[in-house]
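Residue-level structure breakdown
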Amino acid sequence: MTIDKTLKVRRGATSNRSVLTRAERLERLKETDRWQEGQSPLGLPKVRVRKLSMKKKKKKTKEDEEGAAAGGAAAPAAGGGKAAASAKK
């Protein structure tokens, strides 16, 4: 018998599968206390497969970079002045 293409692992790359094996379904059902040892593994309830989607990072514009650089340079200068003032006391 052949393996379904959704269950194959291609060259070590893992992807989200829409199909779980019976053992994986039993593990998930045990975690949620929907299945106990001794029950029949046939006729299992459905288990939802969550697909994770990564949010795309926003690209920084030139204005944002200039504002961050100007704000970052001003903050250490202000902090240095406080340290110098406390050292004089």
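Below you will find a few notes about this structure. Just so it is clear, the structure is predicted and the values come from calculations on it, not from any experiment.

The rules behind the values
Residues numbered from 1 in each chain as written. Predicted model: local features only at pLDDT ≥ 70, side-chain atom pairs only at ≥ 80, totals over all residues. Heavy atoms only, no water. Helix = DSSP H or I, 4+ residues; strand = E, 2+ residues; numbered from the N terminus. Buried < 20%, exposed > 50% of the residue type's maximum accessible area, 1.4 Å probe, protein only. Contact = heavy atoms within 4.5 Å. Areas by Shrake-Rupley, 256 points an atom, 1.4 Å probe, with all protein chains shown as cover. Polar contact = N/O pair within 3.5 Å; in protein donor to acceptor, adjacent residues only side chain to side chain. 1 Å grid on protein atoms, 1.4 Å probe; cavity = no way out; pocket = protein on both sides within 12 Å on 5 of 7 lines; lining within 4 Å. Points joined across faces, edges and corners; volume = space filled by probe spheres on them. Nonpolar A, V, L, I, M, F, W, Y, C, P; charged D, E, K, R; others polar.

Topic: the overall build of the chain
Looking only at helices and strands, the chain has 2 helices and 0 strands in total. A buried classification covers 6% of the 89 residues belonging to the chain. For the chain, the share of sequence-separated contacts (at least 6 apart) that also reach a separation of at least 24 residues comes to 18%. Split by element, the accessible area of the chain, about 8800 Å² in all, is 54% carbon and sulfur.

Notes on the environment of Trp35
Structurally, Trp35 is set in the loop between helix H1 (22-31) and helix H2 (62-88). Judged by relative accessible area, which is 9%, Trp35 ranks as buried. The spatial distance from the C-alpha of Trp35 to the C-alpha of Arg25 is 9.8 Å, given a sequence separation of 10 residues. When residues no more than four places from it in sequence are discounted, the contact partners of Trp35 are Leu26, Leu29, Lys30, Ser40 and Leu44. A distance of 3.5 Å separates a polar atom in the side chain of Trp35 from a polar atom in the side chain of Gln39. Separated by 3.5 Å, the side chain of Trp35 and the backbone oxygen of Ser40 make a polar contact.

Some points on unusual backbone geometry
Of note in the backbone geometry, Asp33 takes a positive phi value of approximately 60° without being a glycine. With respect to the secondary-structure elements, Asp33 resides in the loop between H1 and H2. Assessed through its relative accessible area of 62%, Asp33 is described here as exposed.

What about the layout of surface pockets?
In this structure, the largest pocket encloses a volume near 180 Å³. Contributing to the lining of the largest pocket are Arg28, Leu29, Glu31, Thr32, Arg34, Val47, Arg48 and Arg50. Across the lining of the largest pocket, the residue classes tally to 2 nonpolar, 1 polar and 5 charged.

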